[in-house]
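Each chain, letter by letter, is given below.
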Amino acid sequence: MSIDKAEVARIAELSRLEIPAGDMDKVAAQLSSVLDFVATLNQLDLEGCAPTAFAPSDAPLRADERDGRRLTPESATAAAPETEAYFFLVPPIVENVNP
Amino acid sequence: MTSPLWQHSAAKLAALVRTGTATPQTAAESGWDGPGAAWETDVHAVVHTDREARHAAAASADRGGPLAGVPVLVKDNLCTTDYPTTCCSRILAGYHAPYDATVISRLRAAGAVVVGKGNMDEFAMGSSTEHSCYGPTRNPYDLARVPGGSSGGPAAAVAYGLVPVSLGSDTGGSVRQPAAFCGVYGLKPTYGRFSRYGLVAFGSSLDQVGVFARHAGDVATTFAALAGPDPFDATSRTSPVPDVSGWDSGVKGLRFGWPANLWQAGVEPVLVDALERSAVALERAGATRVPFEFLPGEYGVAAYYLVATAEASSNLARFDGVRYGHRSADADDVRALYTHTRSEGFGVEVQRRILLGTYALSSGYYDAYYLKAQQARTRIRHEYEAAFTRCDFMLLPAAPSIAFRLGEKIDDPLAMYLSDVFTIGANLAGIPGLTVPTGLTATGLPTAVQLLGPEDSEAHLLRAGRALEVGGDVTRLSRDHEVEFAWPTKR
Amino acid sequence: MAYEAVIGLECHIQLKTRTKMFCACPVEFGADVNSNVCPVCLGLPGALPRLNDRAVDYALRLGLALGCQIRAESVFARKNYFYPDMPKNYQITQYDRPLCEGGELPVVMDGVERRFELTRIHCEEDAGKSFHPERVGERRISRVEFNRAGTPLLELVTEPVLHTPAECSAFLTGLRRLVRALGISDADMEKGQLRCDANVSLRPVGATALGTKAEIKNLNSIKGVEKGVTAEIARQSRALDAGEKILQATLLYDADHDKLAIMRTKEHAHDYRYFPDPDLPVLCVSDERVSLVRSTLPELPWVLEERFIEQYGLPAYDASVLSDPPELAAYYEACAKGAEAKLASNWLMTEVLRILKEREWPLERWIQQVPAQRMRGFLAKVAARELPGPLAKQAIEWLADEAGTIDDLLARHDVRVQSSAEDLLPLVRQVIDENPVPVSQYLSGRTATFGFLVGQVMKKSGGQAVPQTVQELLKKELADRTQ
């Protein structure tokens, strides 16, 4: 199996997802089967192939001018689960801990 | 006897509105009163709509535009100010975007009436529209089958006549495959031709908004209305937009590639038959068949499921319960806020792809997975470029099968992914693709073929699509001859 | 055991463009909560970034001023991590193909020119702001707002070539002066416009291998950087002397208590999964563009400083003070026309800067009140000995508060400066006549009484005599009396 439960736990952590303990085996198996399939890429001759990373664009860069698309504080916070005086509220952020 | 408004093509409908014979209001509601009343409960193509919003949109529609008064359903991952935008995910339940996507603004500027949001696989991740938090959409031609995905709702809505045109999005085939399953046209343009501003991102270097319609001409009209550079999307193309006004000018003198090795095995016989019939029709219309071998699509599927999931894992990080959308009630600290919100809000397939993508990018694996996939992508692009030195466009299947049954592939992610084997390459290479319906099987299920061309070859694809629409009969090419659509019958 | 500290600095410079790095929201200090936000910098679904052209210009200015190699094609990458002030939970930055590489910052320390090598400079976006937990009734919450999110930043990284806290503060002072001279940032550390993290490791003197480094954050002023680095060097020295191993860690510096606190970090928290941002094309910078920026660079501050020393004969210290900010340098030059270069530097550095500090005036206000032309008039009078010391100090305050030429001011305040021999000779003679004992003491060799006699003349003149003239006249008269 290319990916074990410890690995799944690590990437779940990085992704801020919680996999129920009972599902870990199934998730590891499913991910492994995809990764095994993905290994077919190793059969391709990639000589002289630089990674494609960009869609080409010939557009000029944006000029440093304001436009009319700013939101008001009302509309910026309208969809928020919790706000107060136009601040977004979250649980306490403890300074020397990574959330 | 004149046919009811809802059966008209967009071209005909817009003409009636421009001359004042019909109003945007009656055009918009005809779909709901007609087939909508009979079909929507079973098919479930629509996830957000309401009469007031439709009326308001119709009331402000420009009655002189190329799509004057034409009702359009848009996939639920396109931001609209007048309907919710949820990507059919719990994590965006109730979200109202404060802005319209650029393609939505352009639709409206052309006179179209946005009548609601179409069902989709959550965050566009799926090939069957079975992964929607609102429940699946069913294929109008057989309610026990899927309409395809991830843009199943928009495809089905056009097929049963709710609207003549709809918008979807295509990252690995999510417009072209449901178009094939639902027997309608589906265009994915060249990457960068339609703005992505306001399209909720899944695989940013692969995503494009796409068009569904029952008639090749309507695809052309909609393409012309939406295409063009957008200063709000740095990946949109600024070179001149291909001129598709000659979509009915035929295919005489064009060459079409015939990569038969791709369907020697694994493609249903009715679809192979559709390919043969289409090749003959194109030849009849004056095009030349150029047989050659082409790189099998499985490599593309492998590369795709690394690149798309990697980009998605990053694009979906913003859904965290802080600024919009769902927030878990169980959030005592920030870590719990993130983890519980996302685990509650994202469906299983989305979580699976986020994990895959995070893995492909993570330290120690980046070279072996993501980087290698991007190299494979370059190779695939070169293959297409080489092929298109020998032909103007390629004819190949849109999918390995006709619409499969609901539940058939849902437990086997890999099988589901491999159903994209013919569509994924175009997204990796950034080239345009058009699904062309080719009639119903003996049991009344849609068949289709796919046309792929080099960058900015939409004009050729539409000309070929039109030629196939009239069965290769050049005497009927002209747009004045509107082909009868093969409507699904209620069973 | 004697240790050598090896220090590398990572600085973030907030650019003073009109709009943010990837959207057209205004960049401004102190705006209402969440009033400078849009779908892009708020991370709303469907939003896409668009690069700010002026930010690229500013980056090029800095890179060229520091002698960096400019990459013709550089790449924006996503740095993925979760934090409440991150609207997308990734930061758009540059990773393995940054815009500028190499380069060095020249700094004069103790009269010696040093050149601190740099690793790179790249463009990135700032995060929003989060505020410390507070109580709302029973609950504790934190607040977040995004006006700052998306503000253009340049990240500048030095090679590990600094060795003392003093070098760190000299580096930052020089960097701050440079970005102000280039007009790309106001670099006010209190406003967060210039931020600095320090990577510190120790090794035995003479060793070549690097020790384990610790990262010090939350250094909010130049003094704070010096003190924080000092504290860390002390902490590591104590640990090494006690035989402990230095663990790689991030520490927060608390300036109020001069203490360091270790940040608790989860394992794997820093797998940022960098990859090229698919929403932004490669940044192509042409040779023409680079040439244009290079040709429009202002005089670099260390060049200006050198020129002040040579052209105006200023001592090194004066030249360094007057070279920053650029407005002060320009004002100085305008005031220093003619022969009063040294005089101008004295008056600016002592009196004018003192007045600014006392009155809490920004430099712009002084320059508005006392344009260079008025200042030159004042300096000319002082140079001509028509404005003695204490009087001049008073007069400069009048310049700040009132309108009119220096002559107008003196007339208005009923001041007559006695500077001519005509005015002063009678007084001198009177004093000599009235003080026979001190005079004869001076004449018989007790030169100390000279000062007393000068003082008497000053007193008689009501402080309005020019001391140098008094001295000259007194000397001459006394010399005459010996004959």
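Residues numbered from 1 in each chain as written. Chains lettered and ligands numbered in written order. Predicted model: local features only at pLDDT ≥ 70, side-chain atom pairs only at ≥ 80, totals over all residues. Heavy atoms only, no water.

## Section: the state of the cysteines
For the structure on display, the rule yields zero disulfides over all chains. Distance from the sulfur of Cys133 of chain B, which forms no disulfide, to the nearest cysteine sulfur (Cys88 of chain B) is 5.9 Å. Not part of a disulfide, Cys284 of chain C finds its nearest cysteine sulfur in Cys123 of chain C, a span of 14 Å. For Cys284 of chain C, a relative accessible area of 52% translates into the label exposed. (Disulfide = S-S within 2.5 Å. Buried < 20%, exposed > 50% of the residue type's maximum accessible area, 1.4 Å probe, protein only.)

## Section: the interface of chain C and chain A
Facing the 60 residues of chain C at the interface are 38 residues of chain A. On inspection of chain C and its partner chain A, the count reaches six salt bridges. In this structure, the salt-bridge partner of Asp67 of chain A is Arg50 of chain C, at a minimum N-O distance of 3.6 Å. The element contributing the most residues to the side of chain C that touches chain A is strand E10 (residues 139-145) of chain C, with seven residues. Within the side of chain C that touches chain A, the residues separate by chemical class into 33 nonpolar, 12 polar and 15 charged. (Contact = heavy atoms within 4.5 Å. Salt bridge = Lys/Arg side-chain N within 4 Å of Asp/Glu carboxyl O. Helix = DSSP H or I, 4+ residues; strand = E, 2+ residues; numbered from the N terminus. Nonpolar A, V, L, I, M, F, W, Y, C, P; charged D, E, K, R; others polar.)

## Digging into the packing of helix H9 (residues 298-315) of chain B against helix H11 (residues 348-361) of chain B
Residue and element names in this part refer to chain B. Across the interface, H9 lies against H11 with an axial gap of 7 Å and an inter-helix angle of 100°. When the axes of H9 and H11 are compared, the pair comes out roughly perpendicular. Counted together, Tyr304, Tyr305, Leu306, Thr309, Ala310 and Ser313 of H9 and Arg353, Ile354, Leu356, Gly357, Thr358, Ala360 and Leu361 of H11 form the full contact between these two elements. Its residues assigned to classes, the contact of H9 with H11 comprises eight nonpolar, four polar and one charged. (Axes fitted to C-alpha atoms, helices over the stretch in contact; angles between N-to-C directions. Parallel < 35°, antiparallel > 145°, perpendicular 65-115°, else oblique.)

## Some points on the interface of chain A and chain B
Across the boundary between the two partners, chain A contributes 53 residues, which contact 61 residues of chain B. For the pair chain A and chain B, the interface holds two salt bridges. Salt-bridge contacts for Glu13 of chain A lead to Arg335 of chain B; the nearest nitrogen and oxygen are separated by 2.7 Å. Counting residues per element, the ones that place at least two in the side of chain A that touches chain B are helix H1 (5-14), helix H2 (24-38) and strand E2 (87-90) of chain A. Broken down by element, the side of chain A that touches chain B gets its largest block of residues, eight residues, from H2 of chain A. Considering only residue class, the side of chain A that touches chain B consists of 33 nonpolar, 10 polar and 10 charged.

## A word on the domain arrangement of chain B
Residues and elements named next belong to chain B. Along its sequence, chain B is organised into domain 1 (5-295 + 393-471) and domain 2 (300-376). Each of domain 1 and domain 2 has a C-alpha centre, and the two are 27 Å apart. Each partner contributes to the interface: domain 1 provides 26 residues, whereas domain 2 provides 25 residues. Both sides of the domain 1 and domain 2 interface together cover about 2300 Å² of buried area, and 69% of this is carbon and sulfur. Area buried by domain 1 at its contact with domain 2 is led by Ile91, Met125 and Tyr417, which between them contribute 32% of it. (Domains from an automatic or database assignment. Buried area = accessible area lost by both parts, 1.4 Å probe.)

## Comments concerning the packing of helix H2 (residues 165-181) of chain C against helix H5 (residues 301-312) of chain C
Each pair of packed helices can be described by the angle between their axes along with the distance between the axes. All names here are of chain C. At a minimum axis distance of 9 Å, the contact between H2 and H5 shows a crossing angle of 95°. Put simply, H2 runs roughly perpendicular to H5. Seen from H2, the contacting residues are Arg177, Leu178 and Ala181; seen from H5, they are Pro301, Trp302 and Glu305. The residue makeup of the contact of H2 with H5, split by class, is four nonpolar, no polar and two charged.

## Looking at the nonpolar core
Grouped together as the largest cluster of nonpolar side chains are 214 residues, with contacts concentrated most on Phe123, Leu167 and Leu282 of chain B. Counting residues in hydrophobic clusters, the runner-up holds 70 residues, among them Ile121, Cys123, Cys168 and Leu182 of chain C. (Core = buried A, V, L, I, M, F, W, Y, C linked by side-chain atoms within 4.5 Å.)

## Structural notes on the packing of aromatic side chains
Residues and elements named next belong to chain C. Counted according to the given criterion, the structure contains 36 aromatic pairs over all chains. Look at Tyr95 and Tyr274: their rings are 3.8 Å apart centre to centre, the planes differ by 5°, and that puts the pair in the stacked class. Placement of the pair is Tyr95 in the loop between strand E5 (90-93) and strand E6 (100-101) and Tyr274 in the loop between strand E15 (259-262) and strand E16 (275-276), with a sequence separation of 179 residues. The class of Tyr95 is partly exposed, set by a relative accessible area of 40%. (Phe/Tyr/Trp six-rings, centres within 6.5 Å; stacked < 30°, edge-to-face > 60°.)

## Points about the pairing of strand E10 (residues 433-440) of chain B
Residues and elements named next belong to chain B. Of the strand pairs in this sheet, strand E5 (residues 185-188) and E10 are connected by three bridges, and their pairing is antiparallel. Bridging across to E10, Leu187 finds its partner in Leu434. Across six bridges, E10 lies against strand E11 (residues 446-452) in antiparallel orientation. Residue pairing in the sheet places Val436 in a bridge with Val449 of E11. Linkage of E10 to E11, two consecutive antiparallel strands, is achieved through a turn of five residues, within which Gly444 is found at a positive phi near 85°. (Pairing = 2+ DSSP bridges.)

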